[in-house]
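These are the residues of each chain, in order.
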Amino acid sequence: MKEVSEQLNKYQKKNLKSELKKGYVDALKKPEFKKLITLLKVKEEVALKYTSKLEETSLDLVNCSKCKSLYECTNKIQGHVFYPDVVDDELEFNYVPCKYHKKEQKILDSIKTEFFEIPLEIKKAKMADIDLTDKNRAPINKWLSKFFKDYQNNKNLKGLYLHGSFGSGKTYLVSALLNELANNGYKSVIIYYPELLRSLKEAFDDNSFPERMKVLLEADLLLLDDIGAESVTSWNRDEILGTILQYRMDNKLPTFFTSNLNIKELESHFVTKNQAEEQIKARRIIERIKQITDTQELISENRRK
Ligand code: ADP
Ligand code: MG
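In what follows, the accompanying structure is described. (Residues numbered from 1 in each chain as written. Chains lettered and ligands numbered in written order. Predicted model: local features only at pLDDT ≥ 70, side-chain atom pairs only at ≥ 80, totals over all residues. Heavy atoms only, no water.)

1. Things to note about the site of ligand 1
Near ligand 1 there are 16 residues, and of these Gly-167, Lys-170, Thr-171, Tyr-172 and Arg-304 occur at the shortest range. Ser-168 has a polar backbone atom sitting 3.2 Å from an oxygen atom of ligand 1. When residues in the shell around ligand 1 are grouped by element, the largest group, three residues, is from helix H8 (residues 170–183). Residue composition of the shell around ligand 1, grouped by class: four nonpolar, five polar and seven charged. (Near = heavy atom within 4 Å. Polar contact = N/O pair within 3.5 Å; in protein donor to acceptor, adjacent residues only side chain to side chain. Helix = DSSP H or I, 4+ residues; strand = E, 2+ residues; numbered from the N terminus. Nonpolar A, V, L, I, M, F, W, Y, C, P; charged D, E, K, R; others polar.)

2. Regarding the nonpolar core
Taken as a class, soluble globular proteins show a tendency for nonpolar side chains to be buried jointly. Residues Ile-191, Leu-216, Ile-227, Leu-241, Phe-257, Phe-270 and Ile-289 are the most contacted members of the largest nonpolar core, which totals 31 residues. With 25 residues, the next largest nonpolar core counts Ile-122, Tyr-151, Leu-157 and Phe-256 among its residues. (Core = buried A, V, L, I, M, F, W, Y, C linked by side-chain atoms within 4.5 Å. Buried < 20%, exposed > 50% of the residue type's maximum accessible area, 1.4 Å probe, protein only.)

3. Some details on helix H12 (residues 263–270)
Those residues of H12 not exposed but buried are Ile-263, Leu-266, Glu-267 and Phe-270. Around the axis of H12, the buried residues are gathered within 105° of arc, so they sit on the same side. More than 90 degrees from the buried face of H12, the exposed residues found are Lys-264 and Ser-268. Residues of H12 that are buried sit in contact with strand E4 (159–164), helix H11 (234–250) and helix H13 (276–292). (Arc of directions from axis to C-beta. Contact = heavy atoms within 4.5 Å.)

4. As for the pairing of E4
Within E4, six of the six residues are buried, which leaves it mostly tucked inside the rest of the structure. Here E4 shows a buried face lined by Gly-159, Tyr-161 and His-163 and a second buried face lined by Leu-160, Leu-162 and Gly-164. Strand direction decides the pairing type here: E4 and strand E8 (residues 293–298), joined by six bridges, are parallel. Across the sheet, the residue bridging to Leu-162 is Gln-296, located in E8. As paired elements, E4 and strand E7 (residues 255–259) share three bridges and run parallel to each other. Across the sheet, residue Leu-162 finds its bridge partner in E7, namely Thr-258. (Pairing = 2+ DSSP bridges.)

Structure (structure tokens):
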């Protein structure tokens, strides 16, 4: 009995080996696969165990050979190649970043702003890249340039309440200024306001709340992005926003806001119940925002793809 099963085992192993070999030999007919094997200098008896993974690698490499930027990457993990290391006669596969990904990472690493839930293209915003042909933006560009210049001599400047149409570039423009100043050594913080509120609620549970608030209170420059898109509670309006505004006003630290709502609409947004007391509280917040900012409007084409 034992002999039979051993025989069977041997037969199956042999069969498997010839199957593997067949798949491998087939794959070798593809020039890109052959090229990869030559490049890796891996022994045939090792390589044939990994034929399908190596085929994935060679497909990634073919994509890469035609690719000109991170944004056209068609590999399974964007900006990465599924690539093997030869370790003790075995192959270990990892997703390795490509040259475009590395370049992008280097740019991102060079930006000193602290971000929270902000898209990549905004993180890379630079004043030098601001589109000067858009006439609608001229007054805002002027305001931003003046702020940049004046801030070197006076840290107690008013920030900006920038409101207007969706996708017109509000977040981009303010971020370009704050990134520029961050690279000049100032502490810039840019946060997507609705998400901040959600995360601050969680921060209560893991006791990181004071530390997180401290960042917002003490940043040299702060952008509360998309204020008015959050769902208002008396807690987030009075305890969070009220506290941030009061501290930054007392310490004369510039604060920036972007919003789809103008200041009047924002005031109504802050009234959660139709009560006189609510209206007073909303008014108090609005008065603080008005005190610490200039207002600009940006109505322009939607640049979002
Ligand atoms: P808003 O905050 O007004 O809704 P965004 O600032 O998010 O609009 O801009 C919309 C899109 O346009 C974003 O993808 C942003 O990266 C892009 N964008 C805006 N301004 C510029 C610019 N000057 N140069 C390049 N891309 C820009
Ligand atoms: Mg925005």
